[in-house]
Amino acid sequence: MAAAGAGAGAGAGAGGAALAASVQDFVAGQQDGRAAEVAAGVKDGSWTVLQLVEALGSCLENTDPRTRGRGIQLLSQVLLQCYSLLQEKEVLHLVLFYENRLQDHHLVIPSVLQGLRALSMCEVLSPGLAVSVLKAIFQEVHVQSLLQLDRHTVYSIITNFMGTREEELKGLGADFTFGFIQVMDGEKDPRNLLVAFQIVHDLITKNYALGPFVEELFEVTSCYFPIDFTPPPNDPHGIQREDLILSLRAVLASTPQFAEFLLPLLIEKMDSDLQSAKLDSLQTLTACCAIYGQKELQEFLPSLWSSLRREVFQTASEKVEAECLAALHALSACLSRSVLSSDTEDLLDSFLSSILQDCRHHLCEPDMKLVWPSAKLLQAAAGASLRAYHRVTRSVLPLLLEQYTKHPQSSQRRTILELLLGFLELQQKWGHVEEDESTLLSLRAPVCSVVFSALTDPSVQLQLVGIRALTVLGSLQGFLAPSDLELVVDHLIRLVLHEEDSQSSEAAMEAAGSLAPIYPKVFSGRMVPRLEEELQSEREEESSRDHCSLRQRCLQALAAVSIHTSIVRETVPVLLQHLRKVQKGNKAGSAQDVVSVCQSLHRVALQCQQDAEGCWYYHQTVVPCLLAMAVQAAMQESTRPLLGKALLEEEVLAAMVPVISAATTHLSPELAAQSVSHVVPLFLDGEVSFLPQNSFPCSFQPFEDGECLEAQRRLVVLLMAFVCSLPRNVAIPQQERLLRELLALSCSCNCPFTATTAAKCFAGLVNKHPAGQQLDEILQLAVNRMEPSLAEGPRRAQALTLLLWVTKALLLRYHPLSSRLTDKLLGLLGDAELGPAAADGFSLLMAESPDVLHKGCHADVRIMFRQRFFTDNVPKLVQGFHGAGPDVKANYLKGLSHVLNHLPKPVLVTELPTLLSLLLEALSCSDRVVQLSTLSCLQPLLLEAPQIMSLHVDTLVTKFLSLTSSPTMAVRIAALRCAHALTSLPITVLLPYKARVIRALAKPLDDKKRLVRKEAVAARGEWFLLGSPGR
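As the structure is a prediction and not an experimental result, all values here were calculated from the model. (Residues numbered from 1 in each chain as written. Predicted model: local features only at pLDDT ≥ 70, side-chain atom pairs only at ≥ 80, totals over all residues. Heavy atoms only, no water.)

### Some points on the overall build of the chain
Part 1 of the reasoning: On a plain count of helices and strands, the chain comes out with 54 helices and 0 strands.
Part 2 of the reasoning: On C-alpha atoms alone, the chain measures out to a radius of gyration of 40 Å, which is more than a quarter above the 31 Å that the 2.2 N^0.38 rule sets for 1031 residues.
Part 3 of the reasoning: The 1031 residues of the chain split such that 55% are buried.
Part 4 of the reasoning: The long-range share in the chain, meaning contacts at least 24 apart out of those at least 6 apart in sequence, stands at 74%.
Part 5 of the reasoning: As presented, the chain carries roughly 44,000 Å² of accessible surface, and 52% of it is formed by carbon and sulfur atoms.
Part 6 of the reasoning: Separation between the mean location of the 89 positive side-chain charges and that of the 110 negative ones in the chain comes to 7 Å. (Helix = DSSP H or I, 4+ residues; strand = E, 2+ residues; numbered from the N terminus. Rg over C-alpha atoms; globule rule 2.2 N^0.38 Å. Buried < 20%, exposed > 50% of the residue type's maximum accessible area, 1.4 Å probe, protein only. Contact = heavy atoms within 4.5 Å. Areas by Shrake-Rupley, 256 points an atom, 1.4 Å probe, with all protein chains shown as cover. Lys, Arg positive; Asp, Glu negative; His and termini not counted. Charge placed at Lys NZ, Arg CZ, Asp CG, Glu CD.)

### Some details on the pattern of salt bridges
Part 1 of the reasoning: Taken as a whole and judged by the stated rule, the model has 36 salt bridges.
Part 2 of the reasoning: Where Arg165 meets Glu168, a salt bridge forms, and the shortest distance between an N and an O atom there is 3.8 Å.
Part 3 of the reasoning: Measuring nitrogen to oxygen at the nearest pair gives 2.8 Å for the salt bridge that ties Lys278 to Glu311. One end of the pair, Lys278, is in helix H17 (residues 275-289); the other, Glu311, is in helix H19 (residues 301-314), and 33 residues separate them in sequence.
Part 4 of the reasoning: Judged by its relative accessible area of 13%, Lys278 falls in the buried class. (Salt bridge = Lys/Arg side-chain N within 4 Å of Asp/Glu carboxyl O.)

### Some words on a negative patch on the surface
Part 1 of the reasoning: Among the surface-exposed residues, Glu215, Glu216, Glu219, Glu260 and Glu299 lie close enough to one another that they form a single negatively charged patch.
Part 2 of the reasoning: Per-element tally for the negative patch: the top contributor is helix H14 (residues 214-222), with 3 residues.
Part 3 of the reasoning: Along the chain, the position of Glu215 falls in helix H14. (Patch = residues over 30% accessible without salt bridge, like charges linked within 9 Å, V, L, I, M, F, W, Y side chains within 5 Å.)

### Details of unusual backbone geometry
Part 1 of the reasoning: With an omega dihedral of -5°, the bond running from Phe225 to Pro226 counts as a cis peptide bond.
Part 2 of the reasoning: When you line up the elements, Pro226 lands in the loop between H14 and helix H15 (241-252).
Part 3 of the reasoning: A positive phi angle, close to 60°, is found at Asn207, a residue other than glycine.
Part 4 of the reasoning: In this structure, Asn207 sits in the loop between helix H13 (190-205) and H14.
Part 5 of the reasoning: Backbone geometry at Tyr814 places phi at a positive 60°, although glycine is not the residue there.

### Re the confidence of the model for the chain
Part 1 of the reasoning: Per-residue confidence for the chain gives a mean pLDDT of 87, with 94% of residues at or over 70.
Part 2 of the reasoning: Across the chain, H13 holds the top mean pLDDT of 95, while helix H1 (residues 2-7) sits lowest at 36.
Part 3 of the reasoning: This model gives residues 1-13 a pLDDT under 50, and the stretch forms 14 contacts once residues within four places in sequence are excluded. (pLDDT = per-residue confidence, 0-100.)

### Focus: the packing of aromatic side chains
Any two aromatic rings considered together are summarised by their centre-to-centre distance and by the angle between their planes.
Part 1 of the reasoning: Counted according to the given criterion, the structure contains 10 aromatic pairs.
Part 2 of the reasoning: Relative to Phe176, the ring of Phe138 has its centre 6.3 Å away and its plane inclined at 35°; by these criteria the two rings are tilted. Separated by 38 residues along the polypeptide, Phe138 in helix H9 (residues 129-140) and Phe176 in helix H12 (residues 174-184) bring together distant segments of the chain.
Part 3 of the reasoning: Classification of Phe138 as buried rests on a relative accessible area of 17%. (Phe/Tyr/Trp six-rings, centres within 6.5 Å; stacked < 30°, edge-to-face > 60°.)

### Structural notes on the environment of Leu576
Part 1 of the reasoning: Looking at the element boundaries, Leu576 is found in helix H32 (residues 565-585).
Part 2 of the reasoning: The spacing of Leu576 and Leu626 is 50 residues in sequence and 8.3 Å in space, taken between C-alpha atoms.

### A look at helix H29 (residues 502-515)
Part 1 of the reasoning: An ideal rise of 1.5 Å per residue puts 20 Å on 14 residues; H29 measures up with 20 Å between its terminal C-alpha atoms.
Part 2 of the reasoning: The set of residues buried in H29 consists of Ser504, Ser505, Ala507, Ala508, Met509, Ala511, Ala512, Gly513 and Leu515.
Part 3 of the reasoning: The N-capping residue of H29, defined by a side-chain oxygen 2.8 Å from the backbone nitrogen of Gln503, is Asp501. (Expected span 1.5 Å × (residues − 1). Polar contact = N/O pair within 3.5 Å; in protein donor to acceptor, adjacent residues only side chain to side chain.)

### Concerning helix H47 (residues 905-923)
Part 1 of the reasoning: Over its 19 residues, H47 extends only 19 Å from the first C-alpha to the last, a length that falls short of the 27 Å expected when each residue adds 1.5 Å.
Part 2 of the reasoning: Maximum bend of H47: about 80°, positioned at Leu912, with proline Pro913 one to four residues after it.
Part 3 of the reasoning: Taken together, the buried positions of H47 are Lys905, Leu908, Val909, Leu912, Leu915, Leu916, Leu918, Leu919, Leu920, Ala922 and Leu923.
Part 4 of the reasoning: Where H47 is buried, its residues touch helix H45 (865-883), helix H46 (889-901), helix H48 (928-944), helix H49 (946-949) and helix H50 (953-963). (Bend = angle between axes of the 7 residues up to and from the residue.)

### Concerning the environment of Pro458
Part 1 of the reasoning: Mapped onto the secondary structure, Pro458 falls in the loop between helix H26 (444-455) and helix H27 (460-475).
Part 2 of the reasoning: Using a relative accessible area of 72% as the deciding quantity, one classes Pro458 as exposed.
Part 3 of the reasoning: With 199 residues separating them in the primary sequence, Pro458 and Ala259 have C-alpha atoms 55 Å apart.

### Section: the packing of H12 against H14
Part 1 of the reasoning: At their nearest, the axes of H12 and H14 sit 10 Å apart, and the two run at 25° to each other. Here H12 is positioned roughly parallel relative to H14, judged by the angle of their axes. In terms of crossing hand, the pair formed by H12 and H14 is left-handed. Within the contact between the two elements, H12 uses Thr177, Ile181 and Met184 and H14 uses Glu216, Leu217, Val220 and Thr221.
Part 2 of the reasoning: Per-class residue counts for the contact of H12 with H14 are 4 nonpolar, 2 polar and 1 charged. (Axes fitted to C-alpha atoms, helices over the stretch in contact; angles between N-to-C directions. Parallel < 35°, antiparallel > 145°, perpendicular 65-115°, else oblique. Left-handed = near helix turned anticlockwise from the far one by under 90°. Nonpolar A, V, L, I, M, F, W, Y, C, P; charged D, E, K, R; others polar.)

### Some thoughts on the environment of Asn873
Part 1 of the reasoning: If you trace the backbone, Asn873 turns up in helix H45.
Part 2 of the reasoning: With relative accessibility at 6%, the residue Asn873 sits in the buried group.
Part 3 of the reasoning: When the C-alpha atoms of Asn873 and Met162 are compared, they prove to be 61 Å apart, with 711 residues separating the residues in sequence.
Part 4 of the reasoning: Not counting chain neighbours up to four residues away, the residues in contact with Asn873 comprise Thr822, Asp823 and Leu826.

### What about the state of the cysteines?
Part 1 of the reasoning: Applying the stated criterion across every chain yields a total of 0 disulfides.
Part 2 of the reasoning: The cysteine Cys334 is free of any disulfide, with Cys289 supplying the nearest cysteine sulfur at 5.2 Å.
Part 3 of the reasoning: Its sulfur unpaired, Cys761 is 4.3 Å from the next cysteine sulfur, which belongs to Cys724. (Disulfide = S-S within 2.5 Å.)

Written as structure tokens, this is what we have:
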């Protein structure tokens, strides 16, 4: 080191003096900040590290260990910041110096280790120095006598060298492993253990020589198993028990060399009374099976199986049972991987034989408690590999089939069939049933017989299991023969149409939906014709109610099987034919029939959306047909009012909207453009040539004036469903004319349904319209039409509806005009006539719209529009409330509660302190909508912001208890839920109110409505338990 110092130039002058002064200040213990100044000087070239060593000369040779320690501390801190600037020769001298200092006084060692950590990060470290440093540490430092931070420094040095000098360290052979074992032995701090476990893991996985120290390395790590660390409260280091568990498990499960020591330990810990120890042992065993082979497991298999069996048979914990089954599955998988040779025992076969021996006989006792644990164990072992599956099912499946025949009771048969189903489901993992060695294929006839017998059993529960088994059998490719398939379909038809219990009927429909895409020809050739026949049949002898239920089931089943395009081509015409029949029949209740058909068509549309071919077929078949029937009905209404009236009812038209919308949203732009070129001219110009059966008695003119055209105007709702669902990049022909017609209709029509529909359609188009002059003109036209109508006249309500929908359309896309229109809406809250409707309009602005202006129909919806609306308008609502007259204050409260009710709760919690007083005032409002909306808003806030809410507990308790007597059931339920949520506030705040609340909640216990009584029981129970031990 002296030679190194002599090599440095005599840095006399201002720089040298400044360095000497900084060194003196630091060593004297006056200013620790001087280290950073010195490091900065090295970085900017004011002085070198060797000049620093020269300046420290007298300190490093001082007889006082504290002074020496401060000198080395300064050097080490500078090196930690400047190690990348060092030259190879400088590093060599510094390493030799620090190694020598490892023999110094114990007060000096921590600073020496910090210096070595800095040097371990140098890229210019000469070959051999890493080994030299580690040998010196192993020889000179008793690591476990150091403080936690200093021990961590040693682990960091080792980690750094393992990352950059791997080959050099491997040259040490097993000495490196032994040295590290000595370093780690006795470590207790979790921060250090995480690093130490990682080092051990790297030692093993990177093939360092363990030599004769395998058992010692295992002992030095396994002594921490199982981890029982509990982090202290407010732990700044954030180390969790799970971090240590996973880190240690990675070590224990990293090498088969540990197997002979680890497996006895795991078996011992499985017997522990601590559930955490059991779980850790089982999870570690599962991890080990991934790298172990037969050789490692052979000796311990009987003990492992015994422990696993005992736990599954006796445990009350679902977690322990699940981990036992996972471990058994892993053991079976591990044994399945072993390559068999002629002279070795098939360990898998003998292992499975012992499992079968212990579990098989329990399957003969379907009423006993061990039947399910035994089945789970067998299924866990069988599911590990195809070889294991064949071995287990060869023994188990014939037994289960025999037991099914032996036990005549439905409950026992259900248990046995569920067991059988579990094994059938395992076969699904491997898909195709292999003919050569499959037990299942050889038992095809008895398995099908058992399943079919379950389907005809009077017990609904047994039927349901049979239907699930049928679905699994159908999904096994190559299992069902053609004759069996026909039987399957026949059974499903019978269950769908004639089974009294709706559960079985619905399950059969679901099964048909699962199997139809696998066997489309069988279902379209056998099931669809039967359902069509039922729909067309007229049964006079049956009650109309039964026949209606049967029709409903037929419609649902037709929709359920319409998964495959080839089936859709069969089912859609059947559904449309039935729709025409209902339209012509015009019987009582036909509107409900049409709605049912539309619901089925909607389900089919949703199932077709991902298939381009099916989607286009559906669109070009269904949309023109629905439009044609509706146009026909509208024309008949104006010429012969009694015919086809069902199709014009609001309920029916509303049911057609999602059908047309779902058929349109997923069209490609090219096909959508083709379709829009027909539909828009139909409504604007009466162009009916593309409609099927288009010989209509008069022209179709929905946008013309005249009372006789009122029915035709109602069909604008179908235009809305179509054009508002088109992709944004599809050009709409004559769009400006269409927008003007819609605008005129929304403002002038006397029918609220038609006016609202026209407003929604106008809004949907405006939302997607490209920005520019055309949009500005049409919006200005809309404002010019709305403002006079809102001010006075007979159509103020229609103008308000248009204002709301246009505001929503622009609000969603952040259009600048939206703020002006919102201000207009805020002004209407003070209007005596329109105020309540304007307040309800805030709910429309904030809520998700089901048919237009949502992302599913390609609307332009910007993120966080609700938060933006809240920020811009709630202050205005609050200001308006304070300045309003007493007769309209409720309108502002209603508007506010609607906005808050649709706001994301985290945003609401941050604004709560300023708005809570208004919310509490809203509870006193007589308007039921305001009460319900405010209660819905407050309930989650009681759970998420208890500290703020507890400041108003007196008011909250009084208001909630008062509203539990509301004449409106929904308000009573919401108030009771809030009273229940109050129990999440701090107990000390609630205890003074406990007796009062319990007395008050006794009354709703006798409420005439069951749902109210249910909420009252839950709320009162929580208040009774308030303050109890353990709560």
